[in-house]
Amino acid sequence: MSSLDPASGIDLTFAMTGASGSVFAREMLRALEADARVSRVHFLPSENSLRVLAEELEIAGRNNLAEKLLGHAPAKTVQLCEQDIGASIASGSFPSSGMIVLPCSMGTLASIANGLAETLIARAADVTLKERRPLILCVRETPFNRIHLRNMQLASDAGAVIFPVIPAFYNRPVDSTEMARQFVCRVLAHIGLTQADGYIWKRDE
């Protein structure tokens, strides 16, 4: 997985799907919006993610969803519909820097792993893979069955990074928001977007 080049202006696609873990998606969007190295965020919430958001964060509706998650009007986040298969990120000619799916449901994983590009999320991921760009799939399910494991293997073989939503505890997070934020820091550090408040384990501590 190659790191991103901030000098060229980072244009990322961020999708959230219908798996549990809305707080992780919220913290990812906030981190990307606040990062000066990121020039544009294509935000792709799936239809199923809307129900999870309503249940977990009490955020309802698709309209102005990015603003609701951020707590303010977005400066560089553009919200897209998963049925908009003609969007710019559906084409390999569009100069995207990569894609993150957090949380990534098993249904979305299956679509990506098997090349079923029937929604914009799956198509954008397919384009990301074929253009050899970074694709991080933050899968969220437990336990895994053989189908899940097989699909993770297929996606990994195609070039994706499987980055399960497994938060750390050694930094002693005080609440779920801090836990989610530190997980987001780990994901972004993996593609070269190290965050100033990311906890780094030091052996001598």
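Preceding this paragraph is the structure being described.
Bear in mind the structure is a predicted one, so any value in this text is a computation, not a measurement. (Residues numbered from 1 in each chain as written. Predicted model: local features only at pLDDT ≥ 70, side-chain atom pairs only at ≥ 80, totals over all residues. Heavy atoms only, no water.)

**Concerning the environment of Phe144**
For clarity, the cut-off: The secondary structure listing takes helices from DSSP runs of H or I that are at least 4 residues long and strands from runs of E that are at least 2 residues long, numbered from the N terminus. Accessible area is worked out with a 1.4 Å probe on protein chains only. A residue is then buried under 20% of its type maximum, exposed over 50%, and partly exposed in between. Residues count as neighbours in contact if any of their non-hydrogen atoms are within 4.5 Å of one another.
Assignment of secondary structure puts Phe144 in the loop between strand S5 (135-139) and helix H6 (146-158). Classification of Phe144 as partly exposed rests on a relative accessible area of 34%. Taking the C-alpha atoms as reference, Phe144 lies 32 Å from Gly92; in sequence the two are 52 residues apart. In contact with Phe144, not counting residues within four places along its chain, are Met106, Val139, Leu149 and Met152.

**Things to note about the packing of aromatic side chains**
Here is the rule we go by: The criterion for an aromatic pair is that two Phe, Tyr or Trp rings (for Trp, the six-membered ring) have centres within 6.5 Å, with stacked assigned to planes under 30 degrees apart, edge-to-face to planes over 60 apart and tilted to the rest.
Taken as a whole, this structure holds five aromatic pairs when the rule is applied. For the pair Phe14 and Phe43, a centre-to-centre distance of 5.9 Å together with 20 degrees between the ring planes defines the contact as stacked. Of this pair, Phe14 sits in strand S1 (residues 10-16) while Phe43 sits in strand S2 (residues 38-45), and the two are 29 residues apart along the sequence. For Phe14, a relative accessible area of 0% gives the class buried. When the ring of Tyr170 is compared with that of Trp201, the centres are 5.6 Å apart and the planes differ by 70 degrees; the resulting orientation is edge-to-face. One end of the pair, Tyr170, is in the loop between strand S6 (161-162) and helix H7 (176-190); the other, Trp201, is in the segment after H7, and 31 residues separate them in sequence.

**Topic: the pairing of S1**
Let me state the cut-off plainly: At least two DSSP bridges between two strands are needed for those strands to be called paired.
Burial of S1 is extensive: seven of the seven residues sit out of reach of the surface. What you see with S1 is no split at all: Ile10, Leu12, Phe14 and Met16 on one side and Asp11, Thr13 and Ala15 on the other are buried throughout. In the sheet, S1 pairs with strand S4 (residues 98-104) via four bridges, with the strands oriented parallel. Within the sheet, the bridge partner assigned to Ala15 lies in S4 and is Val101.

**Structural notes on the pattern of salt bridges**
This is how the line gets drawn: Between Lys or Arg on one side and Asp or Glu on the other, a salt bridge is scored when a side-chain nitrogen of the former is within 4 Å of a carboxyl oxygen of the latter.
Taken as a whole, this structure holds eight salt bridges when the rule is applied. Among the salt bridges present, the one from Glu55 reaches Arg51, with a minimum N-O distance of 3.2 Å. Taken together, the positions of Glu55 and Arg51, both in helix H2 (residues 47-56) and four residues apart, correspond to about one turn of that helix. The burial state of Glu55 is the same as that of Arg51; both residues are exposed. The shortest N-O distance in the salt bridge between Arg123 and Asp126 comes to 3.3 Å. Taken together, the positions of Arg123 and Asp126, both in helix H5 (residues 120-130) and three residues apart, correspond to about one turn of that helix.

**A closer look at the packing of helix H4 (residues 106-113) against H5**
For clarity, the threshold we go by: Lines are fitted to the C-alpha atoms to define the axes, a helix being fitted only along its stretch in contact, and any angle between axes, read from their N-to-C directions, falls within 0 to 180 degrees. Orientation is classified from the angle alone, with under 35 degrees giving roughly parallel, over 145 giving roughly antiparallel, 65 to 115 giving roughly perpendicular, and any other angle giving oblique. Should the near helix be turned anticlockwise from the far one by less than a right angle, the crossing is left-handed, and should it be turned clockwise, the crossing is right-handed. Amino acids outside the nonpolar list (Ala, Val, Leu, Ile, Met, Phe, Trp, Tyr, Cys, Pro) and the charged list (Asp, Glu, Lys, Arg) are all regarded as polar, and Gly is one of them.
Their axes nearest at 9 Å, the elements H4 and H5 cross at an angle of 45 degrees. One element, H4, and the other, H5, form an angle in the oblique class. Here H4 runs over H5; the crossing is right-handed. Side by side, H4 and H5 meet where Thr108, Ser111 and Ile112 of the first sit next to Ile121, Ala122, Ala125 and Leu129 of the second. Partitioning the contact of H4 with H5 into residue classes produces five nonpolar, two polar and no charged.

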